[in-house]
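Fold and contact review
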Amino acid sequence: VGAGKSTVLEVLRTEYKARILLADTIAHELMEPGTKGLLAVTKALGTGFIGADGAVDRNALAALLFQDPKAKKIVDGLIHPMVWEEIKRRAETAKERLVIIEAAVFETAPEGLFDEIWYIYASRENRILRLMENRGYSREKCEAIIAGQASEEQYRQLADRIIDNNKGREEIKKQLEEIFVS
């Protein structure tokens, strides 16, 4: 969080005409009223997080998942496979030659879906400053979010490439040019 993935994705989209698939966005789509994802989750957990309009009350769902690790495990077990199925479908039918999948959790992804896994790196302090500036978070909230994520070492071990995003957009462009032109 706060590493600047959105900036890297924007450069990939504009400069390299990449198709960008965001796992979180697809997960939200699968939880829209009338979808099989929402039906499966409400069947398992009830409707206590559904608003009067029939849509998911994101705050209520977040509170439930934060308070009840078992509920989070249930939701993840139901939604993650659906998300990966949809990502795989969209990737396979994309007209673009370059398809980028942005996901924070990809251990459950289908085998062979990725050609490479990239880690967007920014120093802890840069991440905190970005979150405070862009999202209005307190330093304490930033620290708590970062503490709940995998460590930098864990991300680096999983990555085929590391994009350093401490210096800004022009430096990102240089790194991507080295990858795609070399």
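Whatever comes next refers back to the structure up there.
Residues numbered from 1 in each chain as written. Predicted model: local features only at pLDDT ≥ 70, side-chain atom pairs only at ≥ 80, totals over all residues. Heavy atoms only, no water.

With respect to the overall build of the protein
Selection rule: For the purposes of this entry, the term helix denotes a DSSP run of H or I that reaches at least four residues, the term strand denotes a run of E that reaches at least two, and both are numbered from the N terminus. Type-normalised accessible area, obtained with a 1.4 Å probe on protein chains alone, sets the label of each residue: buried when under 20%, exposed when over 50%, and partly exposed for intermediate values. What makes two residues a contact is simply this: any of their non-hydrogen atoms within 4.5 Å. In these tables, accessible area is a Shrake-Rupley quantity obtained with a 1.4 Å probe, and a residue counts as shielded only by the protein chains included in the view. For the charge count, each Lys or Arg is scored as positive and each Asp or Glu as negative, with His and the chain ends excluded. Taken as the charge location is NZ of Lys, CZ of Arg, CG of Asp or CD of Glu.
Assigned secondary structure in the protein consists of 9 helices and 4 strands. Taken from the N to the C terminus, the helices and strands of the protein come in the order α-β-α-α-α-α-β-β-α-α-α-β-α. By principal-axis analysis of the C-alpha atoms, the protein measures approximately 50 × 40 × 30 Å. Every one of the 182 residues in the protein was classed for burial, and the buried ones make up 31%. Partitioning the intrachain contacts of the protein with sequence separation of at least 6 by distance along the chain shows that 67% fall at a separation of at least 24. Entry remark: accessible area of the protein is about 11500 Å², with carbon and sulfur atoms responsible for 50%. For the protein, the separation between the mean place of its 27 positive charges and that of its 30 negative charges on side chains is 2 Å.

With respect to the nonpolar core
Counted only if it meets this: Remark: nonpolar core denotes a set of buried residues (Ala, Val, Leu, Ile, Met, Phe, Trp, Tyr, Cys) joined through side-chain atoms within 4.5 Å.
In this structure, Met-31, Phe-49, Ile-79, Val-83, Trp-84 and Ile-87 are the most contacted members of the largest nonpolar core, which totals 24 residues. Contributing elements (two or more residues each) for this core: α2 (23-29), α3 (36-45), α4 (58-67) and α5 (69-93). With 7 residues, α5 is the largest single contributor of residues to this core. In this structure Phe-49 touches Met-31, Leu-38, Val-41, Thr-42, Ala-55, Val-56, Asp-57, Ala-60, Leu-61 and Leu-64, once residues within four positions along its chain are discounted. Listed in part, the 13 residues of the second largest apolar core include Val-8, Ile-120, Ala-122 and Ile-163.

Focus on the packing of aromatic side chains
For clarity, the cut-off: Only Phe, Tyr and Trp rings take part, Trp by its six-membered ring, and two of them pair if their centres are within 6.5 Å. Stacked means planes under 30 degrees apart, edge-to-face means over 60, and tilted covers everything else. A ring is scored as having a charge over it whenever the NZ atom of a lysine or the CZ atom of an arginine sits within 6 Å of its centre and within 35 degrees of its normal.
Tallying each qualifying case throughout the model produces 6 aromatic pairs. With centroids separated by 5.9 Å and ring planes inclined at 85°, the aromatic side chains of Trp-84 and Phe-114 adopt a geometry described as edge-to-face. Of this pair, Trp-84 sits in helix α5 while Phe-114 sits in the loop between β2 (99-102) and β3 (118-121); the two residues are 30 residues apart in sequence, bridging distant segments of the chain. Here the aromatic cluster, defined as three or more aromatic residues joined through ring pairs, consists of Tyr-16, Trp-118 and Phe-180. Against the face of Tyr-137 rests Lys-141, its NZ or CZ located 4.3 Å from the ring centre. Against the face of Tyr-121 rests Arg-156, its NZ or CZ located 4.9 Å from the ring centre.

Examining the packing of α4 against α5
So the rule is basically this: Only the stretch in contact is used when fitting a helix axis, every axis being a line fitted to C-alpha atoms; angles between N-to-C directions are given from 0 to 180 degrees. Three classes are used: nonpolar for Ala, Val, Leu, Ile, Met, Phe, Trp, Tyr, Cys and Pro, charged for Asp, Glu, Lys and Arg, and polar for all others, with Gly counted as polar.
Put simply, α4 and α5 touch, their axes get as near as 5 Å, and they point 115° apart. Listed contacts from α5 to Leu-64, Leu-65 and Gln-67 of α4 are Pro-69, Ala-71, Lys-72 and Val-75. Tallied by class, the residues present in the contact of α4 with α5 amount to 5 nonpolar, 1 polar and 1 charged.

Bear in mind that shape data such as this cannot, by itself, settle questions of function.
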